[in-house]
Amino acid sequence: MVEAVLIDLFSLPANLQNIQGLLHNTLEAIEKCSSVHAPFVYVMCCQRQGSERKGEQEFLLPALRGFLSLKRRLEVVCAQTMAAALYTVKQRLDEKDLSIIKVILPTLRKDLMKVYIDHLFTAVYQFEFEDLQVVSDSESLQISEHQLEGQMLPSQDVALIQSEIQMYLESLPSLKGELTILRSSLIPDDIFLHGFTTRTGGISYIPTLSSCNLFSSSKRRDPQVVVKENLRRLANAAGFNPEAFHRVKVDHANAVCIMGKTEPDNYDGIVTNQKGVTLAAPGADCIPVLFADPVRRACGAAHSGWKGTLLGVSMATVNAMVSEYGCNMKDILVVLGPSVGPCCYKLPYESAKEFHRIDPKCVRLFDSASPYIDIRRATRILLERGGILPENIQDDSITDQNQNITFCTACHPDKFYSHFRDGTNFGTQIGFISIKD
């Protein structure tokens, strides 16, 4: 069942002959077809440069009157660019958690609209298309086509559309305060650039993703273009090049990618000795772990969830630094970033037994059906057993809590995303590190 209808009048000026009749007939058809469950309806039109927003809407008012069943579900969206108009519609859809959308538009606009949709929406949404019955009057039709041509809207130039979308997203204000980066005092900042992100300072607006979400997937509502803009803002604030940015391809296992060698299909660790290349690992309860060797000038990042922790992904990353770059185990510094703490994180008993084998202190309420698990302690123990010096590991066990950056993600909804806390449509923060030029 269609949940929302988008009527695309963006290419048709509001004062086009018979536009009111065209809109009235379209709304009438929608009302007849949805007398029981009226969908939300968005009429998208162009706000001409220098014109008042209300001017466009007032011209369309006669066509909007009389649709009582749609009255509270009908909205005119005016904007100067297609990207701005469609993104505004997307915000309305997301506010109401709507996913099934019918787009009614002029035939000439269909391919163009699909390009915008591909960039601004994810696979969460389902779109179907219907032709807008443009008035048959040849003179009006010629004006319509002229307007389309004048605005270059029929163009198949995807790069132009991408540029328009990027410029619009760059113009949006940051949400939830300034962009904040947590840094470790253990990693020397004269050699390495590093940090852990929080959720503030980006443009993601969906509550569980707001605002500096740094991961997009087909199961979430944040498209890649929004994540890219969040990353651009982070790179600008942190001082790294977003074009030389490499994040792990999460598999919840222990494979490690060596920068400059053949890249595995999936990996949860990544290492390099190249300057100016930024490595990153995501986390939204899982631990983003950063590695730095100031002697050999090498670094790494790893994503360590409960499965990766048990599989030893952190030591696998360390071992890659030793074998590839000749690092000495005693020189490697390891910092555990924000992640779910033993105060909140539970696993089924069978999985908890694996952590109990590492050390009984990694499990609380062991005899319960879902014991509490300390994946940070387990990570530290495995690192120390592998040869990392205890004083070269920074986690939540440090004495000076003013230096603590390993906060519990589930306990701090104002600062961090949490899959455990927020459910499937969750946001993601990252840990990142690079060797300075």
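Per chain, residue numbering runs from 1 following the sequence as it is written. At least 70 in pLDDT is required for a residue's local features to be given in this predicted model, at least 80 for side-chain atom pairs to be given and counted, and no such filter applies to totals for whole chains, interfaces and linings, which use all residues. Note: side-chain values were computed over all heavy atoms of the structure, leaving out hydrogens and water.

Asks: What is the right way to look at the overall build of the chain in this model?
Replies: What the chain contains, in helices and strands, is 12 helices and 18 strands. Remark: exposure states derive from per-residue accessible area (1.4 Å probe, protein chains only) relative to the maximum for the residue type, with buried under 20%, exposed over 50%, and partly exposed in between. Counting the 437 residues in the chain, one finds 53% classified as buried. Any two residues whose heavy atoms approach within 4.5 Å are treated as being in contact. Sequence separation of 24 or more characterises 70% of the internal contacts of the chain that already satisfy a separation of 6 or more. Only the protein chains shown count as cover for residues, with accessible areas throughout obtained via the Shrake-Rupley method and a probe of 1.4 Å. When the accessible surface of the chain is totalled, it reaches about 19500 Å², and 49% of it is carbon and sulfur. A helix here means a DSSP run of H or I that spans at least four residues, while a strand means a run of E at least two residues long, and both kinds are numbered starting from the N terminus.

Asks: Would you take a moment to explain the nonpolar core for this structure?
Replies: One broad trend across soluble globular proteins is that nonpolar side chains are buried collectively. Formed by 40 residues in total, the largest nonpolar core has its most connected members in Leu6, Met44, Leu86, Met113 and Leu169. Residue assignment for this core shows that the elements contributing at least two residues are strand E1 (4-8), strand E2 (40-46), strand E3 (74-79), helix H3 (82-95), strand E4 (100-105), helix H4 (110-120), helix H6 (158-171) and helix H7 (224-238). The leading source of residues in this core is H3, at eight residues. These domain boundaries are the output of an automatic or database domain assignment. A domain split of this core shows at least three residues from each of domain 1 (4-134 + 152-171) and domain 2 (181-435). Note on terminology: a nonpolar core comprises buried Ala, Val, Leu, Ile, Met, Phe, Trp, Tyr and Cys residues joined through side-chain atoms within 4.5 Å. Residues Val318, Tyr325, Met329 and Cys362 belong to the second largest nonpolar core, which totals 37 residues.

Asks: Quick question: what am I supposed to make of the pattern of salt bridges here?
Replies: Any two side chains of opposite charge can pair, on the condition that their charged atoms come close. By definition, a salt bridge exists where a carboxyl oxygen of Asp or Glu is found within 4 Å of a side-chain nitrogen of Lys or Arg. Following the criterion strictly, the structure yields 21 salt bridges and no others. The partner of Glu75 in a salt bridge is Arg92, and the shortest N-O contact between them spans 3.0 Å. With a gap of 17 residues between them, Glu75 in strand E3 and Arg92 in helix H3 connect regions that are remote in the sequence. Under the relative-accessibility criterion, Glu75 is labelled partly exposed at 23%. Among the ionic pairs, Lys415 bridges to Asp414, the shortest N-O distance being 3.7 Å. Here Lys415 falls in the partly exposed class, since its relative accessible area comes to 34%. Here the residues in one salt-bridge network are Lys90, Asp94, Asp97 and Arg221, joined through shared partners.

Asks: I would appreciate a short explanation of the state of the cysteines in the present structure.
Replies: In protein chemistry, a disulfide is the covalent bond that joins the sulfur atoms of two cysteines. The term disulfide is used for any two cysteine sulfur atoms that are within 2.5 Å. Tallying each qualifying case throughout the model produces zero disulfides. Between Cys299, a free cysteine, and Cys327, which holds the nearest cysteine sulfur, the sulfur-to-sulfur gap is 9.6 Å. With a relative accessible area of 0%, Cys299 lands in the buried category.

Asks: What should I look at first to understand the pairing of strand E7 (residues 192-197) in this one?
Replies: Looking down a regular strand, the side chains alternate between one sheet face and the other. Counting buried positions along E7 yields six of six residues, so the element is predominantly enclosed. Because side chains alternate across E7, one face comprises the buried residues Phe192, His194 and Phe196, and the other comprises Leu193, Gly195 and Thr197, equally buried. The sheet contact formed by strand E6 (residues 181-182) and E7 spans two bridges and is antiparallel. Residue pairing for E7: Leu182 is matched across the bridge by Phe196. A pair of strands is considered paired only if DSSP assigns at least 2 bridges between the two. Across five bridges, E7 lies against strand E18 (residues 429-435) in antiparallel orientation. Following the sheet pairing, Leu193 is matched in E18 by Ser434.

Asks: Can you walk me through unusual backbone geometry in this structure?
Replies: Glycine aside, residues mostly have negative phi angles, and peptide bonds mostly take the trans form. Following Ser210, the chain continues into Ser211 via a peptide bond in cis, with omega recorded as 5°. Of note, Ser211 is situated in the loop between E7 and H7. The residue His252 is not glycine, and still its phi comes out positive at about 55°. Here His252 lies in the loop between strand E8 (245-247) and strand E9 (256-258).

Asks: Explain the packing of H3 against H4 here, please?
Replies: Each packed pair of helices is defined by two parameters, the angle between the axes and the distance between the axes. Here an axis means a line fitted to C-alpha atoms, over the contact stretch when the element is a helix, while the angle between two N-to-C directions is reported on a 0 to 180 degree scale. Relative orientation of the contacting elements H3 and H4 amounts to 55°, with a least axis distance of 11 Å. With respect to H4, the axis of H3 lies oblique. Here the hand of the crossing between H3 and H4 comes out right-handed. In this structure, H3 contributes Met82, Ala83, Leu86, Tyr87 and Lys90 to the contact, and H4 contributes Met113, Tyr116, Ile117 and Leu120. Here the residues of the contact of H3 with H4 are counted per class, giving eight nonpolar, no polar and one charged. Each angle gets one of four labels, with under 35 degrees taken as roughly parallel, over 145 as roughly antiparallel, 65 to 115 as roughly perpendicular, and the rest as oblique. A crossing counts as left-handed when the near helix is turned anticlockwise from the far one by less than a right angle, and as right-handed when that turn is clockwise. Amino acids are sorted into nonpolar (Ala, Val, Leu, Ile, Met, Phe, Trp, Tyr, Cys and Pro), charged (Asp, Glu, Lys and Arg) and polar (every other residue, Gly among them).

Just distances and angles here, no functional claims.
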